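Topology and contacts: notes
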Amino acid sequence: MSRSKLREKIFRLLFRVEFHSDEEFALQEANFLKDEEQQQMTEEESRQVTEKCESVIKKLDEIDGMLSEKTTGWNLQRIGKAELTILRLAVYEILFDDSIPVSVAINEAVELARKYGAKDAPSFINGVLAKFAKA
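This write-up is about the structure you can find in this document. (Residues numbered from 1 in each chain as written. Predicted model: local features only at pLDDT ≥ 70, side-chain atom pairs only at ≥ 80, totals over all residues. Heavy atoms only, no water.)

With that settled, the discussion passes to the nonpolar core. With 39 residues, the main nonpolar core has Leu 67, Leu 87, Ile 125 and Leu 129 as its most contacted residues. At the level of secondary structure, the elements contributing two or more residues to this core comprise helix 1 (3–14), helix 2 (22–34), helix 3 (43–58), helix 4 (60–70), helix 5 (81–96), helix 6 (102–116) and helix 7 (121–134). Here this core gets nine residues from one element, more than from any other, and that element is helix 5. With residues up to four places along the chain from it excluded, the contact list for Leu 67 reads Leu 76, Leu 84, Leu 87, Arg 88, Val 91, Val 128 and Phe 132. (Core = buried A, V, L, I, M, F, W, Y, C linked by side-chain atoms within 4.5 Å. Buried < 20%, exposed > 50% of the residue type's maximum accessible area, 1.4 Å probe, protein only. Helix = DSSP H or I, 4+ residues; strand = E, 2+ residues; numbered from the N terminus. Contact = heavy atoms within 4.5 Å.)

Volume-wise, the largest pocket comes out at about 230 Å³. Every residue lining the largest pocket is listed: Arg 3, Leu 6, Arg 7, Ile 10, Arg 47, Gln 48, Glu 51, Lys 52, Glu 93, Asp 97, Ser 99 and Ile 100. Among the residues forming the lining of the largest pocket, the class breakdown is three nonpolar, two polar and seven charged. (1 Å grid on protein atoms, 1.4 Å probe; cavity = no way out; pocket = protein on both sides within 12 Å on 5 of 7 lines; lining within 4 Å. Points joined across faces, edges and corners; volume = space filled by probe spheres on them. Nonpolar A, V, L, I, M, F, W, Y, C, P; charged D, E, K, R; others polar.)

Okay, the pattern of salt bridges next. The tally for this structure, following the rule as stated, stands at 13 salt bridges. With a closest N to O distance of 3.0 Å, Glu 93 and Arg 7 form a salt bridge. With Glu 93 in helix 5 and Arg 7 in helix 1, this pair connects stretches of sequence that are 86 residues apart. In this structure Glu 93 comes out as buried when scored by relative accessible area, which is 1%. Of the charged contacts, one joins Asp 97 and Lys 52 as a salt bridge, the two residues approaching to 3.2 Å between their closest N and O atoms. Of this pair, Asp 97 sits in the loop between helix 5 and helix 6 while Lys 52 sits in helix 3, placing them 45 residues apart in sequence. (Salt bridge = Lys/Arg side-chain N within 4 Å of Asp/Glu carboxyl O.)

For the rest of this paragraph, the subject is helix 1. Helix length check: helix 1, at 12 residues, gives a terminal C-alpha distance of 16 Å against a target of 16 Å (1.5 Å per residue), a fit within 8%. Within helix 1, the full set of buried residues consists of Leu 6, Arg 7, Glu 8, Lys 9, Ile 10, Phe 11, Leu 13 and Leu 14. If you follow the buried residues of helix 1, they end up packed against helix 2, helix 3, helix 5 and helix 6. (Expected span 1.5 Å × (residues − 1).)

For the structure shown, the criterion picks out four aromatic pairs. Where Phe 11 meets Phe 15, the ring centres are 6.1 Å apart and the plane angle is 45 degrees; that geometry is what we call tilted. Centre to centre, the rings of Tyr 92 and Phe 96 are 5.7 Å apart; their planes meet at 35 degrees, and the pair counts as tilted. Here the residue Tyr 92 and the residue Phe 96 both occupy positions in helix 5, the gap between them amounting to four residues, near one helical turn. On the accessibility criterion, Tyr 92 (10% relative accessible area) is buried. Residue classification places Phe 96 among the partly exposed positions, given a relative accessible area of 26%. Through a chain of ring-to-ring contacts, three or more aromatic side chains come together here, namely Phe 11, Phe 15, Phe 19 and Tyr 116. Directly above the aromatic system of Phe 132 lies the positively charged group of Lys 70, at a separation of 5.5 Å from the ring centroid. (Phe/Tyr/Trp six-rings, centres within 6.5 Å; stacked < 30°, edge-to-face > 60°. Lys NZ or Arg CZ within 6 Å of the ring centre and 35° of its normal.)

In the contact formed by helix 4 and helix 7, the axes pass within 10 Å of each other and the chain directions differ by 105 degrees. As the angle between them shows, helix 4 and helix 7 are arranged roughly perpendicular. Contacts between helix 4 and helix 7 involve Met 66, Leu 67 and Lys 70 from the former and Val 128, Lys 131 and Phe 132 from the latter. Looking at the contact of helix 4 with helix 7, its residues break down into four nonpolar, no polar and two charged. (Axes fitted to C-alpha atoms, helices over the stretch in contact; angles between N-to-C directions. Parallel < 35°, antiparallel > 145°, perpendicular 65-115°, else oblique.)

Interpretation in functional terms is not warranted from these geometric data alone.
Pasting the structure below:
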C-alpha cells in the first residue's frame, strides 16, 4: 500500500480522537482495524497506522499549542474537525518524523484537505503549514 493510502488511513483513525474519550479510543482503534476495508491492510501496515496515530496522540497537546500560535485569529475550536486532524497529522510529520520530507507532508495534507475538507480547506491548510516549514 502506498504511503499516501497509509496516511489517509492514519487520518481516518486520528479523526476519531475528536469524538471519543481516551478510554473509548482503544475500542475505536480495534473497530477501525476490524472494518472490512481495513482488513485489506497487512499486519505491518496495520501496525504502522496504529503506531503513527498513537504517536500523534501522545504529542497532541504540544501540537495543538503550536497550531494555536501559528493560526492567529483562529481558535482551534473554530477549525473544522477534518481540517484540524489534517493539520495535526501534518505538523507531527513536519516536526517529529524525520523520514518524511516537509514538502511531502504539506503536499499530502493539501491532498487530504481536497478530499475531506471544506472548499477553502486546501489553501487554509497550505497557509498554516507553510508557517511550520519556515521554522
